[in-house]
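# Fold and contact review
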Amino acid sequence: MNSVRASSRRPRRVSRPRPVEPERNNQERDEDVPADMVAEESGPGAQNSPYQLRRKSLLQKRTVCPAKANMEGASTSTTDNFGHRAKRPRVSGKCQELSAPAEQYLQEKLPDEVVLKIFSYLLEQDLCRAACVCKRFSELANDPIIWKRLYMEVFEYTRPMMHPEAGKFFQINPEEYEQPNPWKESFQQLYKGAHVKPGFAEHFYSNPDRYKGRESMLYYDTIEDALGGVQEGHFDGLIFVHSGVYTDEWIYIESPITMVGAAPGKVADKVVIENTRDSTFVFMEGSEDAYVGYMTIRFNPDDKSAQHHNAHHCLEITVNCSPIIDHCIIRCTCTVGSAVCVSGQGAFPTIKHCNISDCENVGLYITDHAQGMYEDNEISNNALAGIWVKNHGNPIIRRNHIHHGRDVGVFTFDHGMGYFDSCNIHRNRIAGFEVKAYANPTVVCCEIHHGQTGGIYVHEKGRGQFIDNKIYANNFAGVWITSNSDPTIRGNAIYNGNQGGVYIFGDGRGLIEGNDIYGNALAGIQIRTNSCPIVRHNKIHDGQHGGIYVHEKGQGVIEENEVYSNTLAGVWVTTGSTPVLRRNRIHSGKQVGVYFYDNGHGVLEDNDIYNHMYSGVQIRTGSNPKIRRNKIWGGQNGGILVYNSGLGFIEDNEIFDNAMAGVWIKTDSNPTLRRNKIHDGRDGGICIFNGGRGLLEENDIFRNAQAGVLISTNSHPILRKNRIFDGFAAGIEITNHATATLEGNQIFNNRFGGLFLASGVNVTMKDNKIMNNQDAIEKAVSRGQCLYKISSYTSYPMHDFYRCHTCNTTDRNAICVNCIKKCHQGHDVEFIRHDRFFCDCGAGTLSNPCTLAGEPTHDTDTLYDSAPPIESNTLQHN
């Protein structure tokens, strides 16, 4: 395509400079050479600039000044700032060999103001010659005000444009510049350039006397003519394009030219290059070090939707060229293609400080193995993606501001790559960053926020590395991963999203590692529909919803995360999901720690689960997880709650210091508990009721405040080879028509006694050892004590349960046998049953005071079971 375009483009027209005065002899030419210019050309600025003032060899001077070195050095004398020269003596240094009175007066006596007035009529070449006369003239000829006027007449800039080296231009504030005369310094750096200034070339060449001394300057009417001048060797390739609108010029660059806008004020706004038929700029092979800067570049076709414009752009950069595009405003009104297209092997531009905005198509398109550096650009309000990277394009994109796009911010697809560093990507209509179809970008230290949908969207086998970014305040998930995609998400802060933090679905994968995920409206991480990521070393906290939500056959390895202070469950596992949760710290939640429900499965092992407002773990409705080697403590509603037909293998865990039972089993649930240590609970060890079942095997249950095992209300568990000991109440209590199979258990050193069976309870027992219990209940009965003395209202010792008709007690009041004998002697009393209770007589809740218990204790109504656990209301929020 490029060769066809190059061969078919129009021939360049070259504006020839008019003839100037005949060349003078060597003596005259040497006398015209300014020594000051020679001295400055030998300085650092001259060595760095490719466009120095023209150098001429010097022959013998008419005047020899012994202070020559000083005069040359004084050619850049300082002033405080331009236009405000410090007061100085009216007479400066002398040259020894000057003797004529007129010359002496001119050099020594003439006031500075008069000399400056005379100098103000000189052009730059004459000023440099005057500076060679003596030290005083050198100082005055470097007056910043004079050089500013000359500079603005030639270049139009209202601030000096510095050009210290090839491919580098920048404007400065003169007041802040370290050198005394930046106007002259810039003039020297830019001097050898040619100028495109429509209508001025004819005036310039028609008035040679007016511009005497500027004969080496070249002026052209069109950019095409200036490029032709470069090809024909008229100048070295520095082109200044002055204020104006340049339309439908064929600008094909195939040499290392430098093209800079030149205008007062905001330069790029006033130099506009526009094309309506073809790409505005085309860089071809041979333009490796070309530079274009400080101008507006537009592609503005009449038929904005014509398909052939897919190949037309504001900037087109092709194979094997590496131009610099700097401080340009780039606009495209075409609805197809892109504003900037970089394509082909060896395409490596540097595009910096540009504004690529308000385009009706893609802003920046990098494809077909192209690379390049793209730094500090503003890319906004484009109809399609701000940046496209495709087909092994691999740019380096740093510190760009990509925002308010009418589509996605950055779109990498079809094996596109790229390194994106410290970009600010926000308020785009779709995702801030989209990765698709084997694309594999690296995104580091960026801010991706306030997206109208999500932050990062990786799909259709996309990959990528997203490292140390801030991803926040997006309307949907901060990161979406789906359809067999496998990105790496590491070290990011993902927070304050209007939905979730990281959302992995539809067979998504990925490594989610070391992120700080917090304050999101939905789950910090959500895994569903056969997705299987690796989630590790993250902090997932303070969410308005749950921490990690695995559902609809979600999977994944979730390890060594810290999940805490979330409003709902720390981890949910539901609807056929089977994750592996390993070595996590799940704590301080406002509901459940880990919640398995509706056939949620998986493995929960080696975790610390503690200090939740509800249970540490809940299992319900057909869920059957493997729970092993965890530490579960500090739950305000118990350690593990299995209910509503829950299952599970609960093995080798340590369950302790929970406010209620260490393990609850109820409502037709049937878990297996093996080799657990359930101890130091503030209530019972294991509580089974409301039809609960289960196999309890080889567990150590000790030092619990209530019964080691309580079996109630039609439950029927199997207890085999457990050790139940050192409890502060009974070892095993069975009540309320429950049954049990007890085989090979050891029950010893419990305070109230070993095994207590309520009236009507039948159990199957074999090879149990009940020994060395403290039997505090039987001892209290035998001593004639009220049982309330040993139980208070916090325990429910099992013994004979009476009521007194004389005292008008009800079935809600219980009286122990010793109080019946002593306090209700002679009353009409009735034996109710052998069961769990504390004595209401001793508690002081009856009309007559107890004569055995001493001072009454404030009490609540008698309860015949431990308080039931609070079931999670997580589902109400789902």
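On a predicted model such as this, the values are computed, not experimentally measured, just so you know.

Once that is clear, we can look at the overall build of the protein chain. A count of helices and strands for the protein chain gives 19 helices and 74 strands. For the protein chain, the proportion of its 878 residues judged to be buried stands at 57%. Contacts in the protein chain between residues far apart in sequence, at least 24 positions, make up 54% of those at least 6 positions apart. Here the protein chain displays about 34800 Å² of accessible surface, and carbon together with sulfur accounts for 48% of that area.

Another point: the environment of Ile534. Of note, Ile534 is situated in strand E41 (residues 534-536). Residues Ile534 and Thr488, spaced 46 residues apart in sequence, show a C-alpha to C-alpha distance of 9.5 Å. In this structure Ile534 touches Gly510, Leu511, Ile512 and Val557, once residues within four positions along its chain are discounted.

A few words now on the packing of aromatic side chains. The geometry of an aromatic ring pair is captured by the separation of the ring centres together with the interplanar angle, meaning the angle of the planes. Evaluation of the coordinates by the stated rule reveals 41 aromatic pairs. Both rings, one in Tyr610 and one in Trp633, keep their centres 4.3 Å apart while their planes meet at 10°; by these two values the pair is stacked. Taken together, the positions of Tyr610 in strand E51 (residues 608-610) and Trp633 in strand E54 (residues 631-633) put the pair 23 residues apart, joining distant regions of the chain. Relative accessible area serves as the criterion here: at 16%, Tyr610 is assigned to the buried category. Three or more aromatic residues link up through ring pairs in this structure, and these residues are Trp147, Tyr151, Phe155, Tyr157, Trp183, Phe187, Tyr191 and Phe240. The side chain of Lys197 reaches across the aromatic face of Phe200, ending 4.5 Å from its centre.

The next point concerns helix H7 (residues 112-119). Looking at H7, one finds that the buried residues are Asp112, Val115, Leu116 and Phe119. End-on, the buried residues of H7 take up no more than an arc of 100°, which puts them together on one face. Residues of H7 that are buried make contact with helix H8 (124-131), helix H9 (135-140) and helix H10 (144-155).

Attention now moves to the environment of Pro182. Turning to its location among the elements, Pro182 is positioned in helix H11 (residues 182-190). Measuring from C-alpha to C-alpha, the distance between Pro182 and Lys148 comes to 8.8 Å, with 34 residues separating the pair along the chain. Aside from chain neighbours lying at most four places away, what touches Pro182 is Pro160, Met162, Ile172, Pro174 and Tyr177.

A few words on unusual backbone geometry. Phi is positive for Lys461, which is not a glycine, with a value near 65°. Its location among the elements puts Lys461 in the loop between strand E31 (456-459) and strand E32 (465-467). Positive phi, close to 55°, is recorded for Asp657, a residue that is not glycine. Of note, Asp657 is situated in the loop between strand E57 (654-656) and strand E58 (663-666). On the accessibility criterion, Asp657 (32% relative accessible area) is partly exposed.

On average, the protein chain scores 87 in pLDDT, and the residues at 70 or more come to 85%. In this model residues 1-98 is a low-confidence stretch, pLDDT under 50, and it forms 181 contacts with partners more than four residues away in sequence or in other chains. Every residue in residues 856-869 is under pLDDT 50, and counting partners more than four places away or in other chains gives 46 contacts.

Turning our eyes to something else, we now look at the pairing of strand E22 (residues 387-390). Of the two faces of E22, the one holding Ile387 and Val389 is buried and the one holding Trp388 and Lys390 is not buried anywhere. The pairing of strand E19 (residues 362-367) with E22 spans three bridges and is classified as parallel. Paired with Leu364 across the two strands is Ile387, which belongs to E22. Note that E22 and strand E25 (residues 410-413) share four bridges and pair parallel.

Turning our attention to H8. With six of its eight residues buried, H8 lies for the most part within the structure. For H8, the complete set of buried residues consists of Glu124, Gln125, Leu127, Cys128, Ala130 and Ala131.

This paragraph deals with the packing of H8 against H10. It is at 11 Å that the axes of H8 and H10 come closest, and there the two elements cross at 155°. Overall, the two elements H8 and H10 adopt an arrangement that is roughly antiparallel. Considering only the axes of H8 and H10, their crossing is left-handed. Where H8 approaches H10, its residues Glu124, Leu127 and Cys128 are matched on the opposing element by Ile146, Trp147 and Leu150.

Moving on, we come to the pattern of salt bridges. Enumeration over the complete set of coordinates arrives at 34 salt bridges. We note a salt bridge from Glu124 to Arg214, for which the minimum N-O separation is 2.9 Å. Here the residue Glu124 occupies a position in helix H8, and Arg214 occupies one in the loop between helix H12 (200-206) and strand E4 (219-220), the gap between them amounting to 90 residues. An identical accessibility class is assigned to Glu124 and Arg214; each is buried. A salt bridge links Arg582 to Glu605, with the nearest nitrogen and oxygen atoms 2.8 Å apart. Placement of Arg582 in strand E47 (residues 580-582) and of Glu605 in strand E50 (residues 603-605) is noted, with a sequence separation of 23 residues between them.

Quick look at the packing of H10 against H11 now. H11 packs onto H10 with a crossing angle of 35° between their chain directions and a minimal axis gap of 8 Å. For the pair H10 and H11, the sense of crossing is left-handed. Mapping the contact onto sequence places Pro144, Trp147, Lys148, Leu150, Tyr151, Met152, Val154 and Phe155 in H10 and Trp183, Lys184, Ser186, Phe187 and Leu190 in H11. Broken down by class, the residue content of the contact of H10 with H11 amounts to 10 nonpolar, one polar and two charged.

This paragraph deals with the side chain of Gln526. Relative to the helices and strands, Gln526 is located in strand E40 (residues 525-528). Of note is the side chain of Gln526, whose polar atom sits 2.7 Å from the side chain of His551. Excluding residues within four positions of it along the chain, Gln526 makes contact with Val502, Tyr503, Ile504, Tyr549 and His551.

We now examine the side chain of His551. Within the secondary structure, His551 sits in strand E43 (residues 548-551). With relative accessibility at 7%, the residue His551 sits in the buried group. Once residues within four sequence positions are removed from consideration, His551 is found in contact with Gln526, Ile527, Arg528, Thr529, Thr574, Thr575 and Ser577.

Let us now look at the pairing of strand E34 (residues 479-482). Taking every second residue as pointing to the same face, both faces of E34 are buried, with Val479 and Ile481 on one and Trp480 and Thr482 on the other. With three bridges joining them, E31 and E34 adopt parallel strand pairing. Along E34, the bridge assignment pairs Ile456 with Val479. Pairing geometry for E34 and strand E37 (residues 502-505), over four bridges, is parallel. Bridge pairing in E37 links Val479 to Val502.

Looking now at the environment of Pro671. Mapped onto the fold, Pro671 is located in the loop between E58 and strand E59 (672-674). A relative accessible area of 1% means that Pro671 is categorised as buried. In sequence terms Pro671 and Arg693 are 22 residues apart; their C-alpha atoms lie 7.3 Å from each other. Excluding residues within four positions of it along the chain, Pro671 makes contact with Val642, Gly646, Leu647, Gly648, Ile650, Ile665, Arg693, Gly694 and Leu695.

Let's shift gears to the state of the cysteines. Tallied over the full model, the rule gives zero disulfides. For Cys128, which is in no disulfide, the shortest distance to another cysteine sulfur is to Cys132 and amounts to 7.5 Å. With no disulfide of its own, Cys332 has Cys314 as its nearest cysteine by sulfur position, at a separation of 4.5 Å. Residue Cys332 is classed as buried on the basis of its relative accessible area, which comes to 1%.

So, how was this worked out
- Residues numbered from 1 in each chain as written.
- Predicted model: local features only at pLDDT ≥ 70, side-chain atom pairs only at ≥ 80, totals over all residues.
- Heavy atoms only, no water.
- Helix = DSSP H or I, 4+ residues; strand = E, 2+ residues; numbered from the N terminus.
- Buried < 20%, exposed > 50% of the residue type's maximum accessible area, 1.4 Å probe, protein only.
- Contact = heavy atoms within 4.5 Å.
- Areas by Shrake-Rupley, 256 points an atom, 1.4 Å probe, with all protein chains shown as cover.
- Phe/Tyr/Trp six-rings, centres within 6.5 Å; stacked < 30°, edge-to-face > 60°.
- Lys NZ or Arg CZ within 6 Å of the ring centre and 35° of its normal.
- Arc of directions from axis to C-beta.
- pLDDT = per-residue confidence, 0-100.
- Pairing = 2+ DSSP bridges.
- Axes fitted to C-alpha atoms, helices over the stretch in contact; angles between N-to-C directions.
- Parallel < 35°, antiparallel > 145°, perpendicular 65-115°, else oblique.
- Left-handed = near helix turned anticlockwise from the far one by under 90°.
- Salt bridge = Lys/Arg side-chain N within 4 Å of Asp/Glu carboxyl O.
- Nonpolar A, V, L, I, M, F, W, Y, C, P; charged D, E, K, R; others polar.
- Polar contact = N/O pair within 3.5 Å; in protein donor to acceptor, adjacent residues only side chain to side chain.
- Disulfide = S-S within 2.5 Å.

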